[in-house]
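What follows is each chain in one-letter form.
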Amino acid sequence: DTMMPEQARRLLQLLAQRGVLLRSMDSKALQERQKQQMAKGLPRQKPITGVKQVIVVASGKGGVGKSTTAVNLALGILANDPLKSVGLLDADVYGPSIPKLMNLKGNPELNDDNLMIPLINYGVPCMSMGFLVDDVAPIVWRGLMVMSAIEKLLRQVDWGSLDYLVVDMPPGTGDVQLSISQNIPVAGAVIVSTPQDIALLDARRGAEMFKKVNVPVLGLVQNMSVFQCPNCNHQTHIFGSDGARQLADTLGVKLLGDVPLHLNIREMSDRGKPVVVSSPDSPEAEAYRKVASAVVQRLEELNT
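Let me begin by describing the structure that accompanies this report. Predicted model only: the values in this text are computed from it and were never measured.

So, on to the overall build of the chain. A count of helices and strands for the chain gives 10 helices and nine strands. The 304 residues of the chain split such that 46% are buried. Considering only contacts in the chain between residues 6 or more positions apart, those separated by 24 or more positions represent 76%. Carbon and sulfur atoms make up 53% of the accessible area of the chain, which amounts to about 16600 Å² in all.

In structure tokens, the structure reads:
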């Protein structure tokens, strides 16, 4: 009662500030507890036996040439350094493309430990759901069956000893991407996009998803960047120009390279003869080798 109005006002102000501070501290402690609880529920990351580094190749949407990029990236790493060993895992369970792109057919054999032995072409061991199901059979599976298939592809394959395992992811940002990112240590993600605005929007979502699950984004590949007319050599940016370069700048990641929209890439891919091995001296093959070189360089930077 003997307090002056000014003193009372300052005391109330101090008490209010203290209350806010306590609430803030309580909130931080609560967030920390929630984070710890969530971490407990996540699967513990376990490396794939024999594999040194896993590179995932992803895209926000389908139809941007992700699988073709994954195949030529694996072959590009090998072409740049034949002493390296590179494997290819097709994690696109609903639409496996690696069997056709790598010209491989048949069922994998089992070793003495009941692990599947990858099929090999062009010096690259490959595993895909396409080896385990009929060519034309639609894969109509619920989420749990997909997760079970992914677990088998990750854990029940005898890769031998690999420097790099390139994983062709399904398009989008769903269960498979999260499951792989949380179950195995991923060295880095390569995001593939065309320069088209709508593709870039989805590519950004993909990049942000990997950042959230603590997978380093190695950079973006701008696919189908320019079309050169085979008759007059005139160049046309069918899907726009430099969109992926601008997105890479926005996200603060590297542009790993540009791959042209070229008839040779499409024709050779359809025949199961990837351009890096079928036309090694072509500018298209050189573009993929440059991407492969940039990917390996980024991994070395991250490791040091």
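The next point concerns the pairing of strand E7 (residues 217-228). When a strand is regular, its side chains alternate between the sheet's two faces. Among the 12 residues of E7, 10 are classified as buried, and the element is accordingly described as predominantly covered. Here strand E6 (residues 188-193) pairs with E7 via five bridges, running parallel. Bridging from a neighbouring strand, Val192 pairs with Val221 of E7. Sheet topology places E7 next to strand E9 (residues 255-261); five bridges connect them, and they run parallel.

Attention now moves to the nonpolar core. Core analysis: the largest hydrophobic core is formed by 82 residues, its most contacted members being Leu73, Ile180 and Phe210. In terms of residue count, the dominant contributor to this core is helix H10 (residues 283-303) (eight residues). What Phe210 contacts, discounting residues up to four positions off in sequence, is Val56, Ala58, Met169, Ser181, Ala189, Ile191, Val215 and Val217.

Parameters and conventions
Residues numbered from 1 in each chain as written. Predicted model: local features only at pLDDT ≥ 70, side-chain atom pairs only at ≥ 80, totals over all residues. Heavy atoms only, no water. Helix = DSSP H or I, 4+ residues; strand = E, 2+ residues; numbered from the N terminus. Buried < 20%, exposed > 50% of the residue type's maximum accessible area, 1.4 Å probe, protein only. Contact = heavy atoms within 4.5 Å. Areas by Shrake-Rupley, 256 points an atom, 1.4 Å probe, with all protein chains shown as cover. Pairing = 2+ DSSP bridges. Core = buried A, V, L, I, M, F, W, Y, C linked by side-chain atoms within 4.5 Å.

Keep in mind these numbers describe shape, not what the thing actually does.
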